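A look at the structure
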Amino acid sequence: MQAMKGVIAALLALIVCPCHLPLTMPLVLLLTSGTAVGLWLAAHPQLIWLVMVILFAGSVALAIHWFSQGEASAQGEMQETSGRAANARAKHVATFVQPRCRTTR
């Protein structure tokens, strides 16, 4: 689940990357032209850049955090599984190695 969250955060970072703003800002202004939102966006481009930079940094940080959590939990599960397998092998070997005592009457 953490890996899926990491992928979503990485995709968000790709979309809101400030290097794409020279392409996306005119497109957004074109799509919102004639509306109050379009007027506000055209009047405040610096604020839009600032918001996009903050969103980009936050989504990259979340992606890194969630990917590292997913990796750590996967390693923990692998260690737990290998530990159980080692215990099962030890029990299996112990049943064959146990000395059997025969009592004679």
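In what follows, the structure referred to is the one given above.
Below: a short report on this structure. Small disclaimer: the values here were computed from a predicted structure and weren't measured. (Residues numbered from 1 in each chain as written. Predicted model: local features only at pLDDT ≥ 70, side-chain atom pairs only at ≥ 80, totals over all residues. Heavy atoms only, no water.)

This paragraph deals with the overall build of the protein chain. When helices and strands are tallied, the protein chain shows 4 helices and 0 strands. When the helices and strands of the protein chain are placed in sequence order, the string is α-α-α-α. The buried share of the protein chain, taken over its 105 residues, is 14%. The long-range fraction of contacts in the protein chain, counting pairs at least 24 apart against all pairs at least 6 apart in sequence, stands at 71%. (Helix = DSSP H or I, 4+ residues; strand = E, 2+ residues; numbered from the N terminus. Buried < 20%, exposed > 50% of the residue type's maximum accessible area, 1.4 Å probe, protein only. Contact = heavy atoms within 4.5 Å.)

A word on a nonpolar patch on the surface. On the surface, a cluster of nonpolar side chains totalling about 580 Å² of accessible area is made up of Met4, Val7, Ile8, Leu11, Leu14 and Phe67. Looking at the nonpolar patch, the element that brings in the most residues is helix α1 (residues 2-15), giving 5 residues. By the element assignment, Leu14 lies in helix α1. (Patch = residues over 30% accessible without salt bridge, like charges linked within 9 Å, V, L, I, M, F, W, Y side chains within 5 Å. Areas by Shrake-Rupley, 256 points an atom, 1.4 Å probe, with all protein chains shown as cover. Salt bridge = Lys/Arg side-chain N within 4 Å of Asp/Glu carboxyl O.)

Now for the environment of Met1. Note that Met1 resides in the segment before α1. Through-space distance from the C-alpha of Met1 to that of Trp66 is 9.1 Å; in sequence the pair is 65 residues apart.

Positionally, Thr32 belongs in the loop between α2 (21-31) and α3 (36-43). Accessibility expressed as a relative area gives 17% for Thr32, which makes it buried. Those residues in contact with Thr32, other than ones at most four positions away along the chain, are Val37, Gly38 and Leu41.

Note that every value here comes from positions in space, so none of it alone points to a role or purpose.
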